[in-house]
Each structure stands twice: as structure tokens, then as C-alpha cells.
There are 2 protein chains.
Amino acid sequence: MQVTDTVQDYLKTIYSIARAGDGVHTTVIADRLKVSPASVTSMIKRLSALGYLTYTRYQGVELTDSGTEIALEVIRHHRLLELYLHHSLGIPWDRVHDEAEVLEHAISEDLEDAIARILGDPTHDPHGDPIPPKSGVYLEVLHDTLEKAEPGPVRVERVSDRDPEVLRHLAKIGLQPGTEIVIERKDPYGGPVWVKVGKRRHAMGTELTTKVYVSKVER
Amino acid sequence: MQVTDTVQDYLKTIYSIARAGDGVHTTVIADRLKVSPASVTSMIKRLSALGYLTYTRYQGVELTDSGTEIALEVIRHHRLLELYLHHSLGIPWDRVHDEAEVLEHAISEDLEDAIARILGDPTHDPHGDPIPPKSGVYLEVLHDTLEKAEPGPVRVERVSDRDPEVLRHLAKIGLQPGTEIVIERKDPYGGPVWVKVGKRRHAMGTELTTKVYVSKVER
DNA sequence: ATCTAAGTTTAGACGCATCTAAATTTCCTG
DNA sequence: CAGGAAATTTAGATGCGTCTAAACTTAGAT
Ligand SMILES: [Mn+2]
Ligand SMILES: [Mn+2]
Ligand SMILES: [Mn+2]
Ligand SMILES: [Mn+2]
């Protein structure tokens, strides 16, 4: 029994669901990986037997230390690759995710190191996600989404990298990690959030506001 | 039924056995891919059903046009990647083969194009193997090995890329594709071939001479 | 507290890719 | 050209990763 690409994807996905604060239930994993819940249950049993997670039937799973280690390794590959593809190969930021999804399983430790060295041991990928270090402590800070943040000046910390269309739109209005924007008004009942990006004002729906993570900024 | 990584490896391997002029028999494929002959037979049947090769029981196989197309696509990926890894990432030439063996299945057409563009549409990989063009005619020239070549001045055209130790040794004595050397003497009965590389003379055994391909050079 | 809907697991199946052991075919050698 | 060795195929099995349909458990609503 070995750590296949599929096993890596399960562990990575479980890690990122848990990190978002949600309980890690069968259907959530199934949705993310686009497989049936039955497939997830069967894989969970294997991962549990391999010692990568603990499993309480009907209740969900939790990664063990060794499961977390593998998850972080794959996530490091993924985010280093996204940055490399964007930076060194000029792949547009809305396309790096899908490429990295495959390549993350294909690079050796040597290649990982070469890429990290060329990039100068970077700390964040093009979408603002932190890159786990090769070794040592790692802690992901949780930011609020635009949907939940209070009005006022904020810095864009991170954008969800899974929807290319959203990324293209965000790029078009000049909104990237690092950009400072102002939340001017939040209409009630799921209405748009009004933000000022540079000199322009935009009304952003939940489709967008749940995918942009920000932090308050003092002015 | 889809073109898996394994299917790609079989087609690539069959192509390269056929190109070397040998008949493509079950055991040869099995040896190359390090699987059992029984596995090869079973895969051959599938590839035949998929229309990628023609198969005469007990006699061997021959790629169809569509099989050849896939083989060349994978070989293009492999050789572009070897060159890219060596050139742009500084991976030593004795290690690029194993990396490329995995990555060849993981890059998209977009990424292939980006790599080719950055390298300036190269025609040969670091071991002297020609890179099949994206489209259009492609013909691999067959060169003699040092073992079979006549004494006299020759140019190194290609070295086998599969044995890292051999590659390291060849690099150490300064022998790469493009190097001009002189075959001074060939001892009979599988004895060493004496070659002059630069100012040094080397006695090369069959372990080496079967892995270096040369062409006669006029002086 | 009971019922029911949602979530989860089990049962049984399938295709891929591989193996070993046994049967078959080819082909070389004496 | 007969017999045996080598090559090849067949038979039967296994693990992975997935599915659908059916059974079961949990938890929320009345
Ligand atoms: Mn993946
Ligand atoms: Mn990312
Ligand atoms: Mn391969
Ligand atoms: Mn090569």
C-alpha cells in the first residue's frame, strides 16, 4: 500500500476543509473531489487503516500527524508550482491551478527544491495562499471574506483559486492579493457589497464576495 | 476507455523499440517497462482493440497511425522536458530522464507550448535525441554505435539517456552530443574501443560503446 | 418523543494494471 | 525433422478507485 496520487488528493482536500473550520464529513469531501459519497467512505477506511486519519463512523474524520505531513507536502508542491508557472512560464493566474493540480504529484523532491530556490523560497502563491515551508512550524491565518468583513479600508489577502472565470474578472477590475480596497457599503439580505478599487466603484455579489479574503487595514 | 499514463508509456516504448529496427516482441516490451510478459500480452490486446496497434499473436505488434501519433506526442513532451529541466532549472543531465518520465504525462498542451517557446523551439534534447515537432514530418536518423562504427574521426550524435552512471562518466571524460572524437583502434572479440577525446585517450568497453551513437565526419 | 429527510455506509459490481502458474506455440538445434 | 527450449498466451487472482442501489444512522421538525 502506497501513497498514490489519489491518496494525496484526499489528504490535501481533507486538510483544506478542516483548515476552513468546517467539520470534515463524507459529502463535503465527495463534493470537493467530485466522486460519490460511497467512494469517499471506502477511501476513508483505507486512509484510516494506513494511519493517516482517525475515523468515527457517521461523524467524520480528522488527520493524524502523518496524514497532515503528507497533506502539507502536496500543498507545498501545488503552491510552489502555481507561482513558478505564473512567474517563470508566464501562465495566466486563472490557469495555474489546474496545471498544478496534476503536476503536484509528478515532481520529485529535487525538483521541488530547485523550483523553491529559483523563486527565492517564496512564502505565498499567486492567489495569496501561504506556502508551507519544507520543514518547521506552519500556521495558516484565517481571513474574513468580503461577504463577512465590516465596511472600511481592507487589504486583499487571498482569493479562491478554483474558479478561473472569477479570477479573470478579479484581475480585470484590478483586485489581487496585496491590493488595498475600501468596503463602502453592504446591502442587506445578501445584496451586493460596494467596494472601491482604485478610483472605481464595484457592486459585488456573493458569487464574488465569498471568494475574496481580506484583512482590516489601519489608515 | 481513455489514454492513461500507462497506455502512453506502452505506445512510447513500442515506438522506440520499432525505431531501433528491432521487431517488437512481447518480452522486449516487458523488459523495457519492467513488467511481466503476461501483463504485456493483456495490454497489447487492449491497445489493439483501441486501434493503436496491429497485433499478430506470437509475432509482435506494429503501431497504427493513431498509435504513432500518441507515441510522438509523449516523446515530444519527454524530450522538451529533459531540455527544459537541464537548461532552465539546472538539473544535471543524468537526472533529467527520470523526472521527465513522470512529468511527460502531467503537462498540458498549453504548458508544452510555453516550454517550447521559452526554449526557442529546440530540435534536440540534452542527450542528442531529436524532438518531434508539434506537427509535420518527423524522421529519426539512425546512427551507428561506437561499437559498430569504423575507426576514424566521428561526431557524437546521441547518447542513451537511461543509465545515469554512464551519463556521469561520459560527462566526466568530456563526451557529449556534438563532441568530435577519434576512434583510434578497435580490439577484436568484444575488446575495448580506443578513442581520443580532446587530448586524452580512453579504452571503452561494450557497456559504454553500445550507448554512444556517432556519425562519420570528414576532415 | 416520533417521524422523516438527509447523510452515510454497505453490498455488489466494473475497468485498469498488474502478478504467478500453467498451457500453448514457435523456432532452433541436433 | 523431431524434440526441447524459449517465447508467448491463457487462466485465475489481486489491489486500486470508482460507481449505483439498497440499507442503515443521525438529527431536525412537528
Ligand atoms: Mn491533484
Ligand atoms: Mn493557489
Ligand atoms: Mn512515463
Ligand atoms: Mn533524452
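Residues numbered from 1 in each chain as written. Chains lettered and ligands numbered in written order. Predicted model: local features only at pLDDT ≥ 70, side-chain atom pairs only at ≥ 80, totals over all residues. Heavy atoms only, no water.

Novice: Honestly, the layout of surface pockets in this entry has me stumped. Any pointers?
Specialist: It is the rolling of a water-molecule-sized probe over the atoms that shows where space remains empty. Reported here for the largest pocket is a volume of approximately 1,200 Å³. At the level of secondary structure, the elements contributing two or more residues to the lining of the largest pocket comprise α1 (5-19), α2 (26-33), α4 (65-89), α5 (96-103) and β4 (152-159) of chain B. Sorting elements by how many residues they give to the lining of the largest pocket places α1(B) first, with five residues. Tallied by class, residues from the lining of the largest pocket come to ten nonpolar, eleven polar and 19 charged. Put simply, the second largest pocket is a space of about 950 Å³. Considering the residues around the second largest pocket, the lining is formed by 32 residues, among which A:S16, A:R19, A:R32, A:D161 and A:R162 are closest to the centre. At the level of secondary structure, the elements contributing two or more residues to the lining of the second largest pocket comprise α1 (5-19), α2 (26-33), α4 (65-89) and α5 (96-103) of chain A. Looking at side-chain class alone, the lining of the second largest pocket contains ten nonpolar, seven polar and 15 charged residues. (1 Å grid on protein atoms, 1.4 Å probe; cavity = no way out; pocket = protein on both sides within 12 Å on 5 of 7 lines; lining within 4 Å. Points joined across faces, edges and corners; volume = space filled by probe spheres on them. Helix = DSSP H or I, 4+ residues; strand = E, 2+ residues; numbered from the N terminus. Nonpolar A, V, L, I, M, F, W, Y, C, P; charged D, E, K, R; others polar.)

Novice: Even after reading the chapter, I still don't get the packing of aromatic side chains, so can you show me in this structure?
Specialist: Two numbers describe a pair of aromatic rings. These are the distance of the centres and the angle of the planes. One pass over the full model with this rule turns up zero aromatic pairs over all chains. Positioned above the aromatic ring of A:Y213 is the side chain of A:R158, whose terminal nitrogen or guanidinium carbon lies 4.1 Å from the ring centre. (Phe/Tyr/Trp six-rings, centres within 6.5 Å; stacked < 30°, edge-to-face > 60°. Lys NZ or Arg CZ within 6 Å of the ring centre and 35° of its normal.)

Novice: I'm lost on the coordination of the manganese ion (ligand 3) in this one. Help?
Specialist: The protein atoms that coordinate the manganese ion (ligand 3) are B:D9 (OD), B:E101 (O), B:E101 (OE), B:E104 (OE) and B:H105 (NE2), at distances of 2.2 to 2.6 Å. In the primary sequence, the donor residues of the manganese ion (ligand 3) line up as D-x91-E-x2-E-H. (Donors = N, O, S within 2.8 Å, 3.2 Å for Na, K, Ca; no water.)

On their own, these measurements won't tell you what the molecule is for.
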